[in-house]
Amino acid sequence: MFRSEEMVLCQLFVQPEAAYVSMYELGEAGIAQFRDLNPHVNDFQRRYVTEVRRCNEMERKLRWVSGELPEPPPPPKPSPRVLTPREINILEERIDYIESEIQEITKNAQNLKTDYLALIELKLLIEKTQTFFQDHSAHRKISASVQIYNNDGALGHLGFIAGVVATARVPSFERMLWRISHGNIFFKQAQIDEPLKDPVTSHELQKTVFVVFFHGEQIKLRVKKVCNGFQATLYPCPATYKEQQDMLAGIESRIKDLEMVLEQTEQHRRLVLANIARDISTWMVVVRKEKAIYHTLNMFSMDIVKKCLIAECWVPRCDLHILQKALDNGVKASGSPIPSILHHVPTLEIPPTYNRTNKFTRGFQTLIDSYGIASYREVNPALYTIITFPFLFAVMFGDMGHGLIMTAFAAILVIFEKKFAKNKTDNEIWNIFFGGRYIILLMGIFSVYTGLIYNDIFSKSLNIFGSSWQNVYDEGTLRNYSTFELDPKDAYTKTPYPLGIDPAWQFAANNIIFLNSFKMKLSIIFGVLHMAFGVTLSVVNFNFFKKAELIFLQYIPQILFLLLLFWYLCILMFMKWIMYSADATDNALGTSCAPSVLIIFINMMLLKESTAKGSCKPFMYDGQEIIQNIFLAIAFLCIPIMLFGKPVYQIMAAKKQKRGGVEGGAGGAGAGGAGGAAGEALGEALITQAIHTIEYVLGAVSHTASYLRLWALSLAHAQLSAVLWQRLLKIGLGGGSPVNAILLYILFAAWAFFTLAILVLMEGLSAFLHTLRLHWVEFMSKFYEGQGYAFLPFSFSVILEADEVDIKEKPNGGPPE
Amino acid sequence: MKGCIFNIDAGYLEGLCRGFKCGILKQSDYLNLVQCETLEDLKLHLQGTDYGTFLANEPSPLSVSTIDDKLREKLVIEFQHLRNHSVEPMSTFLDFITYSYMIDNIILLITGTLHQRPISELIPKCHPLGSFEQMEAIHVAATPAELYNAVLVDTPLAPFFVDCISEQDLDEMNIEIIRNTLYKAYLEAFYEFCKQIGGTTADVMCEILAFEADRRAIIITINSFGTELSKDDRAKLYPRCGKLNPDGLAALARADDYEQVKAVAEYYAEYSALFEGAGNNVGDKTLEDKFFEHEVTLNVMAFLQQFHFGVFYSYLKLKEQECRNIVWISECVAQKHRAKIDNYIPIF
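Predicted model, so just to flag it, every value in this text is computed and none were measured. (Residues numbered from 1 in each chain as written. Chains lettered and ligands numbered in written order. Predicted model: local features only at pLDDT ≥ 70, side-chain atom pairs only at ≥ 80, totals over all residues. Heavy atoms only, no water.)

**Side note on the overall build of chain A**
Note the threshold: Secondary structure elements follow DSSP: runs of H or I no shorter than four residues count as helices, runs of E no shorter than two count as strands, and numbering proceeds from the N terminus. Throughout, radius of gyration means the C-alpha value; the globule benchmark is 2.2 Å times the number of residues raised to the power 0.38. Classification of residues uses two cut-offs on accessible area relative to the type maximum, computed with a 1.4 Å probe and protein chains only: under 20% is buried, over 50% is exposed, and between them is partly exposed. Note on contacts: a residue pair qualifies if any of its non-hydrogen atoms lie within 4.5 Å across the two residues. Only the protein chains shown count as cover for residues, with accessible areas throughout obtained via the Shrake-Rupley method and a probe of 1.4 Å. Residues scored as positive are Lys and Arg, those scored as negative are Asp and Glu, and His as well as the terminal groups of each chain are ignored. The atom standing in for a charge is NZ when the residue is Lys, CZ when it is Arg, CG when it is Asp and CD when it is Glu.
Regarding its fold elements, chain A presents 24 helices and 11 strands. For 817 residues, the compact-globule estimate of 2.2 N^0.38 gives 28 Å, and the C-alpha radius of gyration of chain A, at 42 Å, exceeds that figure by more than 25%. Within chain A, buried positions represent 43% of all 817 residues. A fraction of 81% describes how many contacts in chain A between residues 6 or more apart in sequence connect residues 24 or more apart. Element-wise, carbon and sulfur atoms account for 62% of the exposed surface of chain A, whose accessible area totals about 43700 Å². A gap of 1 Å separates the mean positions of the 76 positive and 76 negative side-chain charges of chain A.

Here's what the structure looks like:
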């Protein structure tokens, strides 16, 4: 965690037979990042493309089958070992067989359902048309003429067609019929009340029964064409009541038969599917793993004599034995006499950055990585972030009550994490909270602590140890004045409140002024410490990367600049706190003479005279002016060192090298050219260094000021929660009438809601973002490079997870033709 | 001024459309595609592009028609999405685009029924963007008048059809004339509509539609040689919104052979260039391909301006060209006929 792991570039020579098993083991272990050795080869021209395709095909079939399952299949069993190619073949055949079997069954079921639908439609049609024929006298006439037509074709001229059409298409259907017949038809419709089921998609269908009466053979043909065009299903419908009854009875019995057959088919299908459901997830995993292996194998290059595969991969040095073991196992499994060869390649390439994390540190590492992946082996700020992040957050969020809510929420997430982790969701917000559960937990705990220091619980103070302030007035005075002054000389008991801020300040009119001064100073102190720590971390980097000169050329001037100016400011604060008090005997150290630290600091920077009024001294201690001027001089002397130190050192180093080169007889012409190049490089180095220096010097001021956000947010948080208390809950708590009880009931709900939504959630989020900024900008800019790239090992668990997400996003495809 | 308020209604869709446009295959993609040995390779390569997994659920072996269908399906989904989110006047504009597909569908269905094909076989061949409710009942009609009265009167195409109403029976020749008259009316109406919208839309779209009109006029003329179509009838079919109008069209109406058509085109700089480059020898591009290329250039240029509807039209046309390209390459791959595989029309 302190630095990223040491990585080794390995070259592997593997027999093709052994490669598969070895890759399987490596995929399980997830320790090696393979490099693509044929980047210029198209996807489809690679060696194992047929295998990949076969896996794709199997995956598609499995996906289709699992789409047919009535309920999601159980999670996969852990498959203990690698499948041999023979077993894979068997699996493939099995999947093929299952797919065709299910297709067969589905097709049969669909046919049956189509028949069933037709029968149901016919039944409904007859039932509905009966009313058409019966309930209206005009209809009776029609039905009479229909009878005539049916009994004796020569006499009547009225024919009719009955059928069923989708309800949505009825209006245009009717219009079209009317148009083609020039108004010479009679159209009658009735909607089917309960929706029918489409046999293929099993969507619901709204259908309408219709009967068209018309005149003449010509129109009949055209009506039929229109019906055809609108996908209406036509049914033969008998015209007389008796025939209808007979037909209905016949249909009823057929429907019953069909229902039975349908049920049996359905049962058979369910049985078959249930058999598969147990294994399908496992197979899916096997197939996906297989695909991933072949994808990786595609990145290998082939030896010229086609005897073995060559792979290159990054591996953490301490995991080399796992790699070796995987290779050995592969050879053992394949039974080939030639062992796989592992061989370290010295390289100038920058290795990937790999920080081993656990579930606790992962969240913090993510915070750092989202700024930029650390350069290879540089100091990893995530380690310190574990404490500084929640702490700085809590400085802004300090409130025991809100902290407890946050802690409780995070604690639930942490305690039941296994359960939560198991049922994954797509809910992004939830996943963010869950991923950062340990951060939230620490933030909560720290907030409780700072709340204790600020003595704030839902904006109220706790008087645990008894206030150190006492009442010095008698009854009468207390009665006559609403506010009165407590002079620390008399009212203060001389023993400070043991922990945090005295509860007496809760009622003080100057509460905010007092807290502001306190929190402002506090945030500057924390800020300077935090930055100084960041600057110091750069020493660790210089040391590790063997750039000792930079300690003198960069670190020492930087830290001197910071400490002499800004830490001196903090020292003045401490001095002010300690030296000045209300009961000082020396008048110059009394309350009225306490100097403004800020003014002193500004005077120091501007080299102005300090003036004092009355009996006060202009300075806090003897010789302060001289010391301050010396500090200032040293600090400003540091700037040229920062500016020119590194480039000058580089020139000197280059010259020394050149001299060595000339002495060694390297030749003049080449050296001259190199000199020109060095000159350009120097210019560039100077500019870069100038930018860095200006950034640091200005940054020291602006970053220090930036830490004031600790104070500002903390103040805002405290004030908001005070407002909520006063404007809502206090109204409910005041007064003794029963009405108040009801009022309290409502107001408490409002108060609780706003506390949760605004104070805990929104304020928490804003404090989180500000803390993140303080780390990314103010802290990490002092030492962090962040120019690395992440280590992405070939790992089954990662691949399977990514696939799962893919599947969820993609709707399941239709059945194959 | 138009530009300022354009984004209120159409800004999101324009952005979306420009995003879609970035998914159009580049020259490098085509270079990869033409190297494919089988359709499976093609599928694998398309997976790496914006098409993603659109063929993932198709069983092997793939056929060219499946690829074609899937390509079209994807395009249609995108277009429908744009259409569903649009408001006036953009929705009318998008509707106008679909009318040309409707015309094609109607002609396809009538021709099919003339050749005694069952309607259920024809419907899947229709372009889904041009489908309308009464489409399937189209075989009721035996004459153009019936076609109008029974089927088309309820569709948006009705105003375009007014010129074609006659009591003649539908036959091959008739249908061709109906198609071209419909197209003429449609193009002129679309041109008017774009002009009425004004602003950049008019600038861009009128340019494209004028070219479309001229192309039709030229193609009609060339195709009419050796048929029974009289010169007067032919002149009636020319859309009158192009750059050839009126002098060029008058000259075209008098043309008797290809050389004369070419002579007419000489007067117009952009068209003469197209005729120059075209030839019928092996290895030469046909005139049709030349026209397609010019169309692609015009459509690509539409993306150079902002705040206008032309991008939607251009996107659809470019994407269609891309589908044609992919299908062409797939055909070449499937039939192992690689000599002409490079005859696709690159877009970017």
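**Quick look at the overall build of chain B**
A tally of helices and strands in chain B yields 16 helices and 0 strands. At 21 Å, chain B has a C-alpha radius of gyration in line with the 20 Å of a compact globule built from 348 residues. Oriented by its inertia axes, the alpha-carbon framework of chain B measures out at about 55 × 50 × 45 Å. Per-residue burial for chain B yields a buried fraction of 55% across its 348 residues. The long-range fraction of contacts in chain B, counting pairs at least 24 apart against all pairs at least 6 apart in sequence, stands at 63%.

**Structural notes on the packing of aromatic side chains**
Worth spelling out the cut-off: Put simply, two rings from Phe, Tyr or Trp (the six-membered ring, in Trp's case) pair if the centres are within 6.5 Å, and we call them stacked under 30 degrees between planes, edge-to-face over 60, tilted for the rest. A positively charged side chain is recorded as over a ring if its NZ (Lys) or CZ (Arg) lies within 6 Å of the ring centre. The angle to the ring normal must also be within 35 degrees.
For the structure on display, the rule yields 62 aromatic pairs over all chains. Measuring from ring centre to ring centre gives 5.5 Å for A:Tyr24 and A:Phe796, while their planes differ by 55°; the resulting arrangement is tilted. Highlighted residues: A:Tyr24 in helix H1 (residues 16-29) and A:Phe796 in helix H24 (residues 796-809), separated in sequence by 772 residues. You'll find A:Tyr24 and A:Phe796 in the same group, each marked buried. Judged by centre distance (6.4 Å) and plane angle (75°), the ring pair of A:Phe391 and A:Phe446 falls under edge-to-face. Of this pair, A:Phe391 sits in helix H10 (residues 382-397) while A:Phe446 sits in helix H14 (residues 437-454), and the two are 55 residues apart along the sequence. For A:Phe391, a relative accessible area of 21% gives the class partly exposed. One aromatic cluster is present, built from ring pairs that chain together B:Phe6, B:Phe93, B:Phe96, B:Tyr99, B:Phe160, B:Tyr183, B:Tyr186, B:Phe190, B:Phe193, B:Phe307, B:Phe309 and B:Tyr313. Its guanidinium or amino end placed over the ring of A:Phe544, A:Arg3 lies 3.8 Å from that ring's centre, counting from NZ or CZ. Residue placement shows A:Lys419 over the ring face of A:Phe416; its charged tip is 5.4 Å from the ring centre.

**Concerning the side chain of A:Thr450**
Residues and elements named next belong to chain A. Here is the rule we go by: The definition of a polar contact used here is a pair of N or O atoms within 3.5 Å, where within protein one atom must be able to donate a hydrogen and the other to accept one, and adjacent residues in sequence count solely through side-chain atom pairs.
As for its placement among the helices and strands, Thr-450 is situated in helix H14. Polar side-chain contacts of Thr-450 include one of 3.1 Å to the backbone oxygen of Ser-447. Once you skip the residues sitting within four places of it in the chain, Thr-450 turns out to touch Ala-394, Val-395 and Gly-398.

**Things to note about the UniProt feature "transmembrane region" (unreviewed entry) in chain A**
Residues and elements named next belong to chain A. For the record, the criterion: UniProt positions are given in the numbering used here, feature names are shortened, and annotations may be inferred rather than shown by experiment.
Taking the UniProt record as the reference, the feature "transmembrane region" (unreviewed entry) is found at residues 383-416, 436-454, 522-545, 551-575, 587-606, 626-649 and 741-762. Helix makes up 96% of residues 522-545 and strand 0%. Its end C-alpha atoms lie 35 Å apart. Across residues 551-575, the secondary structure splits into 100% helix and 0% strand, with the terminal C-alpha atoms separated by 31 Å.

**Observations regarding the packing of helix H10 (residues 199-224) of chain B against helix H14 (residues 269-277) of chain B**
Residues and elements named next belong to chain B. Rules: Note on geometry: axes are C-alpha line fits, over the in-contact stretch for helices, and angles between N-to-C directions span 0 to 180 degrees. Should an angle fall under 35 degrees it is called roughly parallel, over 145 degrees roughly antiparallel, and 65 to 115 degrees roughly perpendicular, with every other angle called oblique. Helix crossings fall into two classes, left-handed where the near helix is turned counterclockwise from the far one by less than a right angle and right-handed where it is turned clockwise. Throughout this entry, Asp, Glu, Lys and Arg are counted as charged residues, while Ala, Val, Leu, Ile, Met, Phe, Trp, Tyr, Cys and Pro are counted as nonpolar. The remaining residues, Gly among them, count as polar.
Where H10 meets H14, the closest approach of the two axes is 12 Å, and the angle between their N-to-C directions is 50°. Between H10 and H14, the angle falls in the class oblique. Like other packed secondary-structure pairs, H10 and H14 cross with a definite hand, here right-handed. Residues Ala-210, Phe-211, Asp-214 and Ile-218 of H10 touch H14, and the partners they reach there are Tyr-271, Leu-274 and Phe-275. Classifying every residue of the contact of H10 with H14 by side-chain character gives 6 nonpolar, no polar and 1 charged.

**Quick look at the nonpolar core**
Operational definition: We define the nonpolar core as a collection of buried residues of types Ala, Val, Leu, Ile, Met, Phe, Trp, Tyr and Cys that are connected through side-chain atoms lying within 4.5 Å of one another.
Ranked by size, the top nonpolar core spans 146 residues in total, and within it B:Phe93 and B:Phe190 carry the most contacts. No other element matches the 13 residues that helix H5 (residues 90-114) of chain B contributes to this core. The contacts of B:Phe93, once residues within four sequence positions are left out, are B:Phe190, B:Phe193, B:Cys194, B:Ile197, B:Thr201, B:Met205, B:Phe309, B:Gly310 and B:Tyr313. One finds A:Met531, A:Leu562, A:Tyr568 and A:Met604 within the second-largest nonpolar core, a separate group that totals 80 residues.

**A closer look at the pairing of strand E7 (residues 207-215) of chain A**
Residues and elements named next belong to chain A. As a reminder, the rule being used: Two strands qualify as a pair provided DSSP detects at least 2 bridges between them.
Of all 9 residues making up E7, 8 are buried, and the element is well covered by its neighbours. Note that strand E4 (residues 186-191) and E7 share 6 bridges and pair antiparallel. Pairing of Phe-186 across the sheet is with Phe-213, part of E7.

**Some points on a negative patch on the surface**
For clarity, the cut-off: Patch membership needs two things, relative accessible area over 30% and no salt bridge, and members are linked within 9 Å if like-charged or within 5 Å if nonpolar (Val, Leu, Ile, Met, Phe, Trp, Tyr). When a carboxyl oxygen of Asp or Glu is within 4 Å of a side-chain nitrogen of Lys or Arg, the pair counts as a salt bridge.
Among the surface-exposed residues, B:Asp169, B:Asp171, B:Glu172 and B:Glu228 lie close enough to one another that they form a single negatively charged patch. Under the relative-accessibility criterion, B:Asp169 is labelled exposed at 54%.

**Focus on the interface of chain B and chain A**
Test applied: By buried area we mean how much accessible surface two parts lose on assembly, using a 1.4 Å probe and totalling the loss over both.
If you look at the interface, chain B gives 25 residues, while chain A gives 30 residues. Around 2400 Å² of area is buried between chain B and chain A when both sides are counted, 49% of it from carbon and sulfur atoms. The tally of links between chain B and chain A comes to 2 salt bridges. A:Arg53 is the salt-bridge partner of B:Asp41, the closest N and O atoms lying 2.5 Å from each other. On the surface where chain B and chain A come into contact, there are 2 residue pairs in polar contact (both at pLDDT 80 or more).

**A few points about unusual backbone geometry**
Glycine aside, residues mostly have negative phi angles, and peptide bonds mostly take the trans form. The omega torsion of the bond from B:Glu88 to B:Pro89 falls at 0°, within 30 degrees of zero and hence cis. Along the chain, B:Pro89 falls in the loop between helix H4 (64-84) and H5. Following B:Asn245, the chain continues into B:Pro246 via a peptide bond in cis, with omega recorded as -5°. Topologically, B:Pro246 is positioned in the loop between helix H11 (231-237) and helix H12 (247-254). You will see that A:Leu607, though not glycine, has its phi angle at about 55°, which is positive. By relative accessible area, A:Leu607 is classed as exposed at 59%. The backbone phi angle of B:Gln116 is positive, close to 65°, even though this residue is not glycine. Mapped onto the fold, B:Gln116 is located in the loop between H5 and helix H6 (119-122).

**As for the confidence of the model for chain B**
Residue and element names in this part refer to chain B. Here is the rule we go by: The predictor attaches a confidence to each residue, and that confidence, scored 0 to 100, is pLDDT.
The predicted model of chain B averages 85 in pLDDT, with 98% of residues at 70 or higher. At the level of individual helices and strands, chain B shows its lowest average pLDDT in helix H7 (residues 144-151), which scores 80, and its highest in helix H16 (residues 310-334), which scores 91. Across the interface, the model reports ipTM at 0.74; the global pTM reads 0.71.

**A look at the pairing of strand E1 (residues 7-14) of chain A**
Residue and element names in this part refer to chain A. Of all 8 residues in E1, 7 are buried, a share of seventy percent or more. Sheet topology places E1 next to strand E10 (residues 309-316); 8 bridges connect them, and they run antiparallel. By the bridge assignment for E10, Val-14 is matched with Leu-309.

**A short note on the pattern of salt bridges**
All names here are of chain B. Across all of its chains, the model carries 37 salt bridges over all chains by this definition. We note a salt bridge from Lys-70 to Glu-73, for which the minimum N-O separation is 3.7 Å. Of the two residues, Lys-70 and Glu-73 are both situated in helix H4; the distance of 3 residues between them amounts to about one turn of the helix. Judged by relative accessible area, Glu-73 falls into the partly exposed class, the value being 39%.

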